[in-house]
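Structural overview
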Amino acid sequence: MTQGKLTVVNKSNEGTPLPPPPPSYDEATAGGSPSYSGTYPEGEMFIEYCWDDLNIRRTFIRKVYAILALQLSVTLAIVSIFIFCEPIKDYIQANPGWYWAAYAVFAVTYITLSCCAGPRRRFPWNLILLAIFTLSLSYMTGMLSSYYNTKSVMICLGITVLVCLSVTVFSFQTKIDVTSCHGVLFVMCSSFFICGLVLAFILPFGHVPWMQAVFAGMGAVLFSMFLAFDTQLLIGKKRYNISPEEYVFATLNIYLDIVYIFSFFLQIFGNQRE
């Protein structure tokens, strides 16, 4: 009885294919890195993917800040020439038409880089447009600075550096997600725009220094918040982030925030020339 049953079991196992023998060490390592051959578990492949994405994000951040440093260096050089060189200062103040020409170039390049994804992503046109944008905004900032005392311009420059560094460090270290507060920024930006329109109609009829100072203070606070918002978009660890392909757009936003902060501080703390 027992032998018969064992015979039946043995016959039933003869039709079942046996599992293949385990590969040798040479066969297992012949396919290259396990992370690309598919022999790693799914969790380890995900870790490898996250590490690659982190490296891409770090390269993206370094590229943005390298371009931003070059932009700020050009702006600082132009502002220094306009406030220290008397002949150039007298010329630009006597010819305000160049300011409006620079403003037109600034508006066209800003709209092109902000609204048109093709030119913004196509090399080298994106860098050429960004360079033209930087030169035009630097000229406008330099002409604005030429109407203020040199000492007050340097003080405002130092305040801007401290504020921007503080906001940048805060944006990198904090757990607060500023990118989720885009609704608050929209409301503040709308209020700021309305106040600007009201001041545009009031100031020609009478100089109200305290209203202009309040408006400049609102602008400095608003664009400091925009700087934190754009910095966290760049980091990519929050609710919203920006694609690494948009390094020109990211640089454009942060550079514009810093220049606007300096301009508003200049209106608050700057002393105009006699």
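The structure this text deals with has already been given above.
Throughout what follows, the structure given in this document is the object of discussion. (Residues numbered from 1 in each chain as written. Predicted model: local features only at pLDDT ≥ 70, side-chain atom pairs only at ≥ 80, totals over all residues. Heavy atoms only, no water.)

A few points about a nonpolar patch on the surface
Taken together, the side chains of Phe193, Ile194, Leu197, Val198 and Ile202 make up a nonpolar region of the molecular surface, amounting to roughly 450 Å² of accessible area. Counting through the fold element by element, Ile194 comes out in helix H10 (residues 182–202). On the basis of relative accessibility, which here comes to 52%, the residue Ile194 falls in the exposed class. (Patch = residues over 30% accessible without salt bridge, like charges linked within 9 Å, V, L, I, M, F, W, Y side chains within 5 Å. Areas by Shrake-Rupley, 256 points an atom, 1.4 Å probe, with all protein chains shown as cover. Salt bridge = Lys/Arg side-chain N within 4 Å of Asp/Glu carboxyl O. Helix = DSSP H or I, 4+ residues; strand = E, 2+ residues; numbered from the N terminus. Buried < 20%, exposed > 50% of the residue type's maximum accessible area, 1.4 Å probe, protein only.)

Description of the side chain of Thr231
Structurally, Thr231 is set in helix H11 (residues 209–235). Residue Thr231 is classed as buried on the basis of its relative accessible area of 0%. A polar side-chain atom of Thr231 sits 2.6 Å from the main-chain carbonyl oxygen of Leu227. Here Thr231 is in contact with Tyr65, Thr168, Ser171 and Phe172, once residues within four sequence places are set aside. (Polar contact = N/O pair within 3.5 Å; in protein donor to acceptor, adjacent residues only side chain to side chain. Contact = heavy atoms within 4.5 Å.)

Overview of the packing of helix H6 (residues 97–115) against helix H12 (residues 247–269)
In the contact formed by H6 and H12, the axes pass within 10 Å of each other and the chain directions differ by 140 degrees. By the angle class used here, H6 and H12 are oblique. Once H6 is placed against H12, the crossing between them reads as left-handed. Mapping the contact onto sequence places Phe106, Tyr110, Leu113 and Ser114 in H6 and Val248, Phe249, Leu252, Leu256 and Tyr260 in H12. (Axes fitted to C-alpha atoms, helices over the stretch in contact; angles between N-to-C directions. Parallel < 35°, antiparallel > 145°, perpendicular 65-115°, else oblique. Left-handed = near helix turned anticlockwise from the far one by under 90°.)

Focus: the packing of aromatic side chains
For the coordinates displayed, the defined rule picks out 17 aromatic pairs. The interplanar angle of 45 degrees and the centroid separation of 5.9 Å between the aromatic rings of Tyr103 and Phe106 together place this pair among those described as tilted. With Tyr103 and Phe106 both in helix H6, this residue pair falls three residues apart, about one helical turn. Between Phe265 and Phe269, the ring centres sit 6.0 Å apart and the planes meet at 35 degrees, which makes this aromatic pair tilted. (Phe/Tyr/Trp six-rings, centres within 6.5 Å; stacked < 30°, edge-to-face > 60°.)

Comments concerning the nonpolar core
Ranked by size, the top nonpolar core spans 55 residues in total, and within it Phe133 and Leu137 carry the most contacts. For this core, the secondary structure elements donating two or more residues are helix H4 (42–84), H6, helix H8 (125–146), helix H9 (150–173), H10, H11 and H12. With 14 residues, H12 is the largest single contributor of residues to this core. Discounting chain neighbours no more than four positions away, the residues touching Leu137 are Phe106, Tyr255, Leu256 and Val259. (Core = buried A, V, L, I, M, F, W, Y, C linked by side-chain atoms within 4.5 Å.)

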